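A look at the structure
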Amino acid sequence: MMENEVLASRILIIDDQPANLRLLEDLFIGEGLTHVVGTTDAKTALDLYTAFDPDLIVLDLMMPDLDGYAVLERLKRRGDPYDFRPVLVITADATAEAKRRSLALGAKDFLTKPFDTLEAMLRVWNLLETRVLYKRLQALAPKEDLAPQSYRSRQG
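Residues numbered from 1 in each chain as written. Predicted model: local features only at pLDDT ≥ 70, side-chain atom pairs only at ≥ 80, totals over all residues. Heavy atoms only, no water.

Named according to an unreviewed UniProt entry, the chain is Response regulator originating from Duganella guangzhouensis.

And the structure:
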């Protein structure tokens, strides 16, 4: 049952290099993840996020016009603070600063290019399993019950 839910997950890929986008799309589709949408234009990412409602975002950092950090900041501002919507950063920037900044802005995992495809798929699968479990929990409890008590008291 969990496997079917993971395979039904929606993945949004944002990478300015068409070859990287095709590589990731082919990798995910080859593993049975068929609900995959990609863009090479980070400026369209938020519109795609809203329209597609992804379970996982795979994000490059080094892009023209709007880099991955800006995308993370905008997703953070737009998103529900009590929703678990994982972002996996995949980048050629292997510096500790890039990793720390990405994670501080809300990314849940980080890989550097070139990456091992098996490791990448294991990380994607783990993030998607966690997302599926979060959605199951959401279905069992009203949204207000999932928020911390301090947040609920401010709302009511």
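On inspection of all chains with the given rule, the structure shows one aromatic pair. Both rings, one in phenylalanine 84 and one in tyrosine 134, keep their centres 6.4 Å apart while their planes meet at 50°; by these two values the pair is tilted. Remark: tyrosine 134 occurs in helix H6 (residues 117-140) and phenylalanine 84 occurs in the loop between helix H4 (68-78) and strand E4 (87-91); sequence separation between them is 50 residues. For the pair phenylalanine 84 and tyrosine 134, one class covers both residues: buried. Sitting above the plane of the tyrosine 69 ring, arginine 101 keeps its charged end 3.9 Å from the centroid. (Phe/Tyr/Trp six-rings, centres within 6.5 Å; stacked < 30°, edge-to-face > 60°. Helix = DSSP H or I, 4+ residues; strand = E, 2+ residues; numbered from the N terminus. Buried < 20%, exposed > 50% of the residue type's maximum accessible area, 1.4 Å probe, protein only. Lys NZ or Arg CZ within 6 Å of the ring centre and 35° of its normal.)

This part covers the side chain of aspartate 16. Along the polypeptide, aspartate 16 turns up in the loop between strand E1 (10-14) and helix H2 (18-30). Here aspartate 16 is buried and forms no salt bridge, its nearest opposite-charge partner lysine 113 lying at an N-O distance of 5.9 Å. Here glutamine 17 takes part through its side chain, which lies 3.3 Å from a polar atom of the side chain of aspartate 16. Leaving out residues up to four positions away in the same chain, aspartate 16 has contacts with Thr40, Asp60, Met62, Met63 and Pro64. (Lys, Arg positive; Asp, Glu negative; His and termini not counted. Salt bridge = Lys/Arg side-chain N within 4 Å of Asp/Glu carboxyl O. Polar contact = N/O pair within 3.5 Å; in protein donor to acceptor, adjacent residues only side chain to side chain. Contact = heavy atoms within 4.5 Å.)

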